[in-house]
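# Working through the structure, step by step
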Amino acid sequence: GISFLPQTPQFNSEDTIREHIFKSNSQKLKIINEYLTICEKLGESQSIQKRYDELMLKMDSQDLWNYEAQISSILSVLGIHDMERKMGTLSGGMIKKVALAQVLVEDTKLLLLDEPTNHLDISTITWLQNYLHDTKRSVLMVTHDRYFLDAVCTNIYELARNHIKLYEGNYSQYLEKKEKEAEIEAN
């Protein structure tokens, strides 16, 4: 599957953060979402305790504990704590963080990111750089953030004159190779 982060995230202003992040049809995410939700209500009633026990068994049988820990870590690092806040009440920066969380928690192999650093603070950008650098998922992005490209990318694809050319390495290495090509063409 593919996860897509648009430059300007789309959302229903009446959705809660939880509804937005867990919109996926993934059964794994549905179980984890219910588990996280019910953890907040533990102690309220016997039926909640019974459902909690059932969810614990599902989490065990489907080996979802590492996945749940990754999701909780992403939410924590991005400062997403009040999952019941309405999307329409959030600042531009927080909307971007919630949209980013939604993309990162999805169980997909490819991330498509359009200007992922827009509206993010420096500490979040640094965390995202490290996350994307270390992920096993493939990442395809459009960005004007040169430092971000240097920190994350291992290949640059240049689209020019209806041709795509692959340059191995980060953005700085791409620029060096382009400069050498220009020198060779000039001679």
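As the structure is a prediction and not an experimental result, all values here were calculated from the model.

## Here's the deal with the pattern of salt bridges
Taken as a whole and assessed by the stated rule, the structure comprises ten salt bridges. Across the pair Lys23 and Asp15 runs a salt bridge whose closest N-O atoms are separated by 2.3 Å. Residue class for Lys23 comes out partly exposed when judged on its relative accessible area of 46%. Its relative accessible area of 11% is what places Asp15 among the buried residues. Connected through salt bridges with shared partners, the residues Glu34, Lys50, Arg51 and Glu54 form a single ionic network.

## Looking at the environment of Leu5
Summarising the element assignment, Leu5 is placed in strand β1 (residues 2-5). The sequence separation of Leu5 and Ala99 amounts to 94 residues, and the corresponding C-alpha distance is 6.8 Å. Beyond its immediate stretch of four places on either side in the chain, Leu5 contacts Lys96, Ala99, Leu100, Val103, Leu112, Leu113, Asp114 and Pro116.

## Some details on the packing of helix α2 (residues 27-39) against helix α3 (residues 46-61)
For any two helices packed against each other, the geometry comes down to the angle between their axes and how far apart the axes lie. Closest axis-to-axis distance for the α2/α3 pair is 10 Å, and the angle between their directions is 145°. Our pair here, α2 against α3, has a crossing hand that is left-handed. Residues Ile31, Ile32, Glu34, Tyr35, Ile38 and Cys39 of α2 lie in contact with α3, whose contacting residues are Ile48, Arg51, Tyr52, Leu55, Met56, Lys58 and Met59. Tallied by class, the residues present in the contact of α2 with α3 amount to ten nonpolar, no polar and three charged.

About the thresholds
- Residues numbered from 1 in each chain as written.
- Predicted model: local features only at pLDDT ≥ 70, side-chain atom pairs only at ≥ 80, totals over all residues.
- Heavy atoms only, no water.
- Salt bridge = Lys/Arg side-chain N within 4 Å of Asp/Glu carboxyl O.
- Buried < 20%, exposed > 50% of the residue type's maximum accessible area, 1.4 Å probe, protein only.
- Helix = DSSP H or I, 4+ residues; strand = E, 2+ residues; numbered from the N terminus.
- Contact = heavy atoms within 4.5 Å.
- Axes fitted to C-alpha atoms, helices over the stretch in contact; angles between N-to-C directions.
- Left-handed = near helix turned anticlockwise from the far one by under 90°.
- Nonpolar A, V, L, I, M, F, W, Y, C, P; charged D, E, K, R; others polar.

All quantities given are derived from atomic positions and should not be read as evidence of function.
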